[in-house]
Amino acid sequence: MTTSALPANSPAATGGIPTLGEAAPAAVPTGPPGLVDRLNALDRLVQTGYGRLEQPVLDDARALLDRAGQRLRLSGDHTVVTLAGGTGSGKSSLFNAICGLELSPTGMRRPMTSKAHSCVWGLDGAGPLLDWLDVDKRHRYARASALDLERADAGLQGLVLIDLPDHDSIQAVHRAEVDRFVTIADLLVWVVDPQKYADAALHRNYIVPFARHTGVTLIVLNQVDRLAPHEIDDCVADLRRLLEAEGLADPRIVTTSAVAEDGVHGFRDVLIDTVAARRARTERLSADVDRVAERFTAYRFEAEPPTTVDDGRRAELIQALTDAAGAPAVAEAMESAYELRAADFVGWPVTAIVNRLRSDPLRRMRLTELREELRNAFTGPIGAQQGDVDNALQSVTEGLTPALPTHWGRSVRAAARFHATEIPEALGDSLKEALPTFNAVPRWWWLVKTWQYFLVLVAVLSVVWIGFLVAYGLLGAGGDDPGGLIGQAGLIPYVAVLVVCTLGMGWLTASACRNLVALSSAKHGEKMEHHMRLGIERVAFEKVVEPIEDDLEIYARFREDVDLALG
């Protein structure tokens, strides 16, 4: 039986450690079903939580994901077992007893073990694992003799046993070494002695924080050779009571003595069973996931959350944005402009001529000018007041956030306000796009205008005719025979009646058309407001509702991932 230091060029591939998402080699088991799914769920929780949850929780989860990804890529045929304890607990003697040789220095001097020492049963694949564990190559040993196969050590094939410095060392670097290994070991073995098994530093700094890791924690009561048989039972009972009071459910405790014959037999059996099961690696990671995932439960409610903005709140939001954009006022102005422009087509031209002779400050107000003014008003981010928009955004989230945890309520409010500064300009653009839609001149306006000018023409010709009748029929300007149609003065009353009838028909036509225009302008205003409202609805959905619902959906998936990460 021999031992040898692991060579620097041990038979294992070197290189970078891949991330969790990369495929593991076929020869490396990925653990029991569910572990990778739980880690993936935890990864999604971290990605979702950035900017929403507290950073220490996310950092803790990210560190676990990195560590788990690296460990799953390394040898699954090896089980990393750490021996940790305080000064004088005898962990180095225990380490040597399991190894069968004096590999780690022992003694009562404080401290004796200053660097982690490792002993490996089975070299294949152990090199990269020890590199990841950062065990100094000078302190790596291997049980490589063929004689080991004839001993009980054959059952330890795949064991990586590590002797750590004292956790209560006066050297900070030693304590840091212990802290690092207890977070990455597959099996945590705490070696205590009958005098100091209740050491406050051990329980406060390690036992209590890792209380959820009962399945991968073993408590070794060493140096029982100093106790009487009945004292051993009392000591174990008291130690169990203490551990259970600190949160360890059904703690595993074994007794050992490095100096007594078969004093480590029970401990060796536990190591053999652990190595044979090949489950310590995944059980440790599962315990780590349990601990980290539990911290995410504070950020979710058990009640089913809302996933959409209900129709009532949507309607209130759209109405608030409609009022903020001034769409009703624009529609009313366009309705008035519609009537003014209609007067150009269906109004009685004679009345228009008379009105032009008077000073009228409104006569230049036509749809074209008003339309251009409105278009210019909507070219910048002044389509709505920012304060009105902010009030609308606050109202739409008031009914949603009470059903969400505090952090997610803030996230939903932030999602609602994400495009807040863009909304006024977007509302202005939506109104501007609506203006040209109803700018077409109805066909009947052209027919009425043609009819009105025809009547004007008839009236003008009739007046001219009367002039000729007066000149030729009454005044005799055309001689003795001026002609029948312009020389007979008796036609003057009939032509005058024609003029009056023509003017009356024009006035009646204009009056009737004004009534029709009043009715159609109301419909025109309603259509205009409806068209603008459609644009505002689109802005409300794209800038407010959709971001809110996306965030609510993220929260729903977050709750599912928390359940999955918890297993």
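Please refer to the structure higher up on the page.
Residues numbered from 1 in each chain as written. Predicted model: local features only at pLDDT ≥ 70, side-chain atom pairs only at ≥ 80, totals over all residues. Heavy atoms only, no water.

### Quick word on the overall build of the chain
Put simply, the rule reads: Only DSSP runs of H or I covering at least 4 residues are called helices, and only runs of E covering at least 2 are called strands; the numbering of each starts at the N terminus. Here's how the labels work: a residue is buried when its accessible area is under 20% of the maximum for its type, exposed when over 50%, partly exposed in between, all with a 1.4 Å probe on protein chains only. We get accessible surface area from the Shrake-Rupley algorithm with a probe of 1.4 Å; when it comes to residues, only the shown protein chains can shield them.
Scanning the chain from terminus to terminus reveals 19 helices and eight strands. Burial status across the chain gives 46% buried among its 567 residues. With an accessible surface of roughly 27500 Å², the chain has 56% of that area assigned to carbon and sulfur atoms.

### Structural notes on the pairing of strand β7 (residues 217-221)
The condition that has to hold: Strand pairing is assigned whenever DSSP identifies at least 2 bridges connecting the two strands.
In terms of burial, β7 is largely enclosed, as five of its five residues are buried. With burial as the criterion, each face of β7 is covered, one bearing Thr217, Ile219 and Leu221 and the other bearing Leu218 and Val220. Sheet analysis places strand β6 (residues 187-192) next to β7, joined by five bridges and oriented parallel. In the sheet register, Leu188 faces β7, and the bridge partner there is Thr217.

### Observations concerning the environment of Gln319
Considering the arrangement of structural elements, one finds Gln319 in helix α10 (residues 311-325). Between the C-alpha atom of Gln319 and that of Ala392, which follows or precedes it by 73 residues, the distance is 9.0 Å.

### Quick look at the pairing of β6
Along β6, six of the six residues are buried, which leaves the element largely enclosed by surrounding structure. Covered by surrounding structure in β6 are Leu187, Val189 and Val191 together with Leu188, Trp190 and Val192, the residues of both alternating faces. Pairing between strand β2 (residues 79-85) and β6: five bridges, direction parallel. Paired with Gly85 across the bridge in β6 is Val191.

### Some remarks on the nonpolar core
The test is simple: What we call a nonpolar core is a set of buried Ala, Val, Leu, Ile, Met, Phe, Trp, Tyr and Cys residues that are connected through their side-chain atoms within 4.5 Å. Note on definitions: a residue-residue contact is assigned when non-hydrogen atoms from the two residues lie within 4.5 Å.
Judged by nonpolar contacts, the single largest core of 57 residues is most densely connected at Phe296, Leu321, Ile548 and Phe558. Apart from the residues within four sequence positions on either side, Phe558 is in contact with Leu45, Thr48, Leu53, Phe296, Tyr299, Arg300 and Trp408. Core analysis: the next-biggest nonpolar cluster, separate from the first, contains 38 residues, Val192, Ala211, Ile219 and Val236 among them.

### Section: the packing of aromatic side chains
What counts here: Aromatic rings from Phe, Tyr and Trp, taking only the six-membered ring of Trp, are treated as a pair when their centres fall within 6.5 Å; an angle between ring planes under 30 degrees marks them as stacked, one over 60 as edge-to-face, and anything in between as tilted.
All told, the structure shown has five aromatic pairs when counted by the stated rule. Taking 5.0 Å as the distance between ring centres and 40 degrees as the angle between the ring planes, the aromatic pair formed by Trp190 and Tyr206 counts as tilted. Taken together, the positions of Trp190 in strand β6 and Tyr206 in helix α6 (residues 200-207) put the pair 16 residues apart, joining distant regions of the chain. With a relative accessible area of 3%, Trp190 lands in the buried category. Members of the aromatic cluster, connected to one another through ring pairs, are Phe296, Trp408, Tyr555 and Phe558.

### Concerning empty space enclosed by the protein
Over the atoms, a rolled probe matching the size of one water molecule traces out where space is still vacant. We apply this condition: Grid points spaced at 1 Å over the protein atoms alone were grouped into cavities, where a 1.4 Å probe fits but cannot get out, and pockets, open sets with protein on both sides within 12 Å along at least five of seven lines, with lining residues defined by an atom within 4 Å of a point. Grid points are joined across faces, edges and corners, and a volume is the space filled by probe spheres set on the points.
This structure, assessed with the given rule, holds three cavities of 30 Å³ or more. Lining the largest cavity are Gly86, Ser89, His167, Asp168, Val191, Val192, Asp193, Lys196, Asp199 and Leu202.

### Some remarks on the packing of helix α1 (residues 35-49) against helix α2 (residues 55-73)
Angle between the axes and distance between the axes: these two values describe a pair of packed helices. Rule in force here: In this analysis, axes come from line fits to C-alpha atoms, helices being fitted only over the stretch in contact, and the angle between any two N-to-C directions falls in the range 0 to 180 degrees. Crossings are classed by handedness, with left-handed meaning an anticlockwise turn of the near helix from the far one by less than a right angle and right-handed meaning a clockwise turn. Three categories are distinguished: nonpolar for Ala, Val, Leu, Ile, Met, Phe, Trp, Tyr, Cys and Pro, charged for Asp, Glu, Lys and Arg, and polar for the others, with Gly belonging to the last.
Interaxial distance between α1 and α2 falls to 10 Å at its minimum, and their mutual angle equals 145 degrees. Once α1 is placed against α2, the crossing between them reads as left-handed. Counting all contacts with α1, which are made through Leu35, Leu39, Leu42, Asp43, Leu45, Val46 and Gly49, the residues of α2 involved are Leu58, Ala61, Arg62, Leu64, Leu65, Ala68 and Leu72. By residue class, the composition of the contact of α1 with α2 is eleven nonpolar, one polar and two charged.

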